[in-house]
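Remarks on the overall topology
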Amino acid sequence: MSVSNTNQNIAKNSTYLYIRLLISMVIGLYISRVVLEELGVTNYGLYALVGGFVLMFNILTGAFSGTASRFITYAIGIGDAENLTKTIVTIINLMIIVSIFTFIIGSIAGPIVIDRYLNIPQGCYTAAVFVFYCSLFSFSMNLYSVPYQSIVIANEKMDFYAIMSIVETLAKLGLVYSLEYSPFQKLYYYAFGLAFISVIIRIIYGVYCNRHFPESKLKLILDKKITKEMSTFSFWIGAGTAIGVLKDQGTNIVINIFYGVVLNAAMGICSQIMNLLNSLSMNISLAISPQITKAYSAGNLQRSIKLTFISAKAQGFLMLFVMIPFLVELHYVLTLWLKSYPPYTLEFVFVGAIICLVHSVANAYSPLFLAIGRIRNLNIISMIINSLYVILCYVFYHQGAGVIICMELLLCVECFFMFFCYMTLKIQVGFPAVSFLKEVIVPMMIIGIIVFSITKEVRELFDESFMRLIICLITSSIILIPMVLLFGLNTKEKELVYDILNKIRHRYFIRNHN
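Read on for an overview of the structure.

Cut-offs and rules
Per chain, residues are indexed from 1 in the order of the written sequence. It should be noted that, the model being predicted, local features are given only for residues of pLDDT at least 70 and side-chain atom pairs only at 80 or more, the latter also being counted only at that level, while totals for whole chains, interfaces and linings use all residues. No hydrogens and no water enter the side-chain calculation; it runs on all heavy atoms of the structure. Counting from the N terminus, the helices are the DSSP runs of H or I reaching at least four residues and the strands are the DSSP runs of E reaching at least two. For the radius of gyration, the atoms used are the C-alpha atoms, and the globule rule reads 2.2 Å times the number of residues raised to 0.38. Whether a residue is buried, partly exposed or exposed follows from its accessible area with a 1.4 Å probe, protein chains only, as a fraction of its type maximum: under 20%, in between, or over 50%, in that order. Note on definitions: a residue-residue contact is assigned when non-hydrogen atoms from the two residues lie within 4.5 Å. Per-residue and other accessible areas were derived by the Shrake-Rupley procedure at a 1.4 Å probe size, with only the shown protein chains allowed to occlude residues. The working definition used for a salt bridge is a side-chain nitrogen of Lys or Arg within 4 Å of a carboxyl oxygen of Asp or Glu. Given the number of residues in a helix, its expected span is that number minus one, multiplied by 1.5 Å. To get the bend at a given residue, fit one axis to the seven residues ending there, fit another to the seven starting there, and take the angle between those axes. Nitrogen and oxygen atoms within 3.5 Å of one another constitute a polar contact, given that in protein one can donate a hydrogen and the other can accept it, and given that sequence-neighbouring residues count only through two side-chain atoms. Pairing of aromatic side chains here covers Phe, Tyr and the six-membered ring of Trp, requires ring centres within 6.5 Å, and sorts the geometry by plane angle: under 30 degrees stacked, over 60 edge-to-face, intermediate tilted. Residues enter a nonpolar core if they are buried and are Ala, Val, Leu, Ile, Met, Phe, Trp, Tyr or Cys, with the set joined through side-chain atoms within 4.5 Å. To get an axis, fit a line to the C-alpha atoms, keeping to the stretch in contact for a helix; angles then go from 0 to 180 degrees between the N-to-C directions. Each angle is binned into one of four classes, with values under 35 degrees roughly parallel, values over 145 roughly antiparallel, values of 65 to 115 roughly perpendicular, and all other values oblique. Handedness of a crossing is defined here by the sense of rotation of the near helix relative to the far one, left-handed for an anticlockwise turn of less than a right angle and right-handed for a clockwise turn. Residues are grouped as follows: Ala, Val, Leu, Ile, Met, Phe, Trp, Tyr, Cys and Pro are nonpolar; Asp, Glu, Lys and Arg are charged; all remaining types, including Gly, are polar. Patch membership is restricted to residues that have no salt bridge and whose relative accessible area is over 30%. Joining uses 9 Å for like charges and 5 Å for the nonpolar side chains Val, Leu, Ile, Met, Phe, Trp and Tyr.

The secondary structure content of the chain amounts to 17 helices and zero strands. The C-alpha radius of gyration of the chain comes to 24 Å, within 12% of the 24 Å expected for a compact globule of 514 residues. Counting across all 514 residues of the chain, residues that qualify as buried make up 50%. Excluding contacts between residues fewer than 6 apart, the proportion of contacts in the chain whose partners are at least 24 apart in sequence is 82%. Carbon and sulfur atoms provide 67% of the accessible area of the chain, an area that totals close to 25,400 Å².

Put into structure tokens, the structure is as follows:
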């Protein structure tokens, strides 16, 4: 496939993924509200408690998902059909074993934990155990689906991936609507329905992959070398994910110790917004990652580096497009959304959005690191830095530092880790770190500061209102887009953008007009 076609695939796949994100996000917010109304506070809390306990195992899903995607994509890039089949079948069989093992261990330990350690309302123990088993089964099925989702992503079939995500969301919406007519207790019906949906999704993925990718058909192969490499790789990805979760929970505990639950609420709102912003940039990374891995495994390091530059710019400038009007009108947006919010929410969210911008640019290195495969030392450093961060938060708060210090420290950590990772890539594969600083980071900082400053000045001309929010959005867009095209992209990147826009214009406007 030519470079032009692969670039077009990246743009097309990103579009599919953003459509998926928008639909899933809107319906997901609606589902949360309806489920609370239908189940009631007690049953909803019971499901959140027991189901949330199972969700802790999502560290496994994340670890195996990243590992499977990397190994399958790498094998596709090499172009050895026999090795690709052996890799995929080994991953599928390994996931079957892990899924069954997880379900058995969970089935034994779950009821004991529920009985001895969880505060379950009187008379709800049976319901809690039922919810647990349904949630555990759904988790096991999702774990078993990991290889098939990885095959779809590695082959860049993002249209099918997006459709399946939307189908799953719509199925959950249908389940929620049917709660009103449930012939059984609603909590039982809802938990069983989610487990049933996970089975259907798994079957569809399996049928699709077997039809379109013959190498995914199940065989009794478990290659020892691949299994060992995958186990090591998964361990370090899982360890990195786990320490990230512990960092977040540790920060919440430290805040709670010194300032109580009110500040925890502010931090919770900030975390919600940061997760949403990060998901915007992650879609671009998901679309580009397969190309970076394939190029590297095929020996085309320069192509991988070029795509890393493009990924960083695309994620960073998209983040600026969203966050500048949001930050300029932050007080109004939070008031519109929450009506009232805890103290320091504004400050937490403001710094949190800047952290998301840094993270979006830093996140571009991840696919290249995964393609290279040398992630152990990186994750060890990450564990040390995240542990020190929580300790520093405690020390600063103990010394009487301001409330916002935890977010300011996190921003410093993100900046340090970004530069550390790109310098590590420079040592490992000769990544042009200085060029990355000049071509990506410096222009993005300058453009962001200029657009933010102008938009903020325009805001002062009007009274706070929804119309002012729209004016700020239009102002930032009108200034940002030309500045990105003029100063943020090089000549080849501009040609790529114009080529994609011309193809869209020809496909959807000129052809339809004719």
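If the charged atoms of two oppositely charged side chains come close together, the side chains can form a pair. Under the counting rule described, the total for this entry stands at eight salt bridges. When the shortest N-O distance is used, the salt bridge between Glu329 and Arg468 registers 2.5 Å. Residue Glu329 is located in the loop between helix H9 (301-328) and helix H10 (330-338), and its partner Arg468 is located in helix H16 (residues 466-488); the two are separated by 139 residues in the primary sequence. For the pair formed by Glu329 and Arg468, the shared burial category is buried. Residue Arg459 pairs with Glu460 through a salt bridge whose shortest N-O separation is 2.6 Å. Salt bridges linked by common partners bring Glu329, Glu464 and Arg468 together as one network.

This next bit is on the environment of Ile269. Locating Ile269 in the fold gives a position in helix H8 (residues 261-297). Ile269 gets classed as buried once you look at its relative accessible area, which sits at 11%. Separated by 76 residues in the primary sequence, Ile269 and Thr345 place their C-alpha atoms 7.2 Å from one another. Ile269 has contacts with Trp337, Leu338, Tyr341, Pro342 and Thr345, leaving out every residue within four places of it along the chain.

Right, let's talk about helix H3 (residues 81-116) for a bit. Helical geometry note: an α-helix holds 3.6 residues per turn, so side chains three or four residues apart project in the same direction. The first and last C-alpha atoms of H3 sit 52 Å apart over 36 residues, in line with the 52 Å expected at 1.5 Å per residue. Helix geometry: H3 is bent most strongly at Ser107, by close to 30 degrees, with proline Pro111 lying one to four residues after it. The N-terminus of H3 is capped by Asp80, whose side-chain oxygen sits 3.1 Å from the backbone nitrogen of Glu82.

Per the counting criterion, the structure on display carries 24 aromatic pairs. A centroid spacing of 5.7 Å and a plane angle of 90 degrees characterise the contact between Tyr365 and Tyr422, whose relative ring orientation is edge-to-face. With Tyr365 in the loop between helix H11 (345-362) and helix H12 (366-372) and Tyr422 in helix H14 (residues 405-429), the pair connects residues that are 57 residues apart, well separated along the chain. Residue Tyr365 is classed as buried on the basis of its relative accessible area, which comes to 12%. The buried category is assigned to Tyr422, whose relative accessible area is 3%.

The biggest cluster of nonpolar side chains holds 85 residues, and the ones touching the most others in it are Phe348, Tyr365, Met407, Leu425, Phe431 and Phe436. Not counting residues up to four positions away in its chain, the partners in contact with Tyr365 are Thr308, Leu378, Phe417, Cys421, Tyr422 and Leu425. Membership of the second largest hydrophobic core comes to 68 residues, among which are Leu94, Tyr148, Val152 and Ile201.

Each packed pair of helices is defined by two parameters, the angle between the axes and the distance between the axes. The interhelical angle for the contact between H3 and helix H4 (residues 125-154), taken along N-to-C directions, is 165 degrees, at an axis separation of 9 Å. Between H3 and H4, the crossing angle belongs to the class labelled roughly antiparallel. The way H3 lies across H4 gives a crossing that is right-handed. Of the residues assigned to the contact of H3 with H4, the class counts are 23 nonpolar, six polar and one charged.

Moving on, we come to a nonpolar patch on the surface. Taken together, the side chains of Ile253, Ile257, Ile380, Ile384, Leu388, Ile391, Tyr394 and Val395 make up a nonpolar region of the molecular surface, amounting to roughly 720 Å² of accessible area. Those elements that place two or more of their residues in the nonpolar patch are helix H7 (224-259) and helix H13 (376-398). Looking at which element gives the most residues to the nonpolar patch, the answer is H13, with six residues. Turning to its location among the elements, Ile391 is positioned in helix H13.

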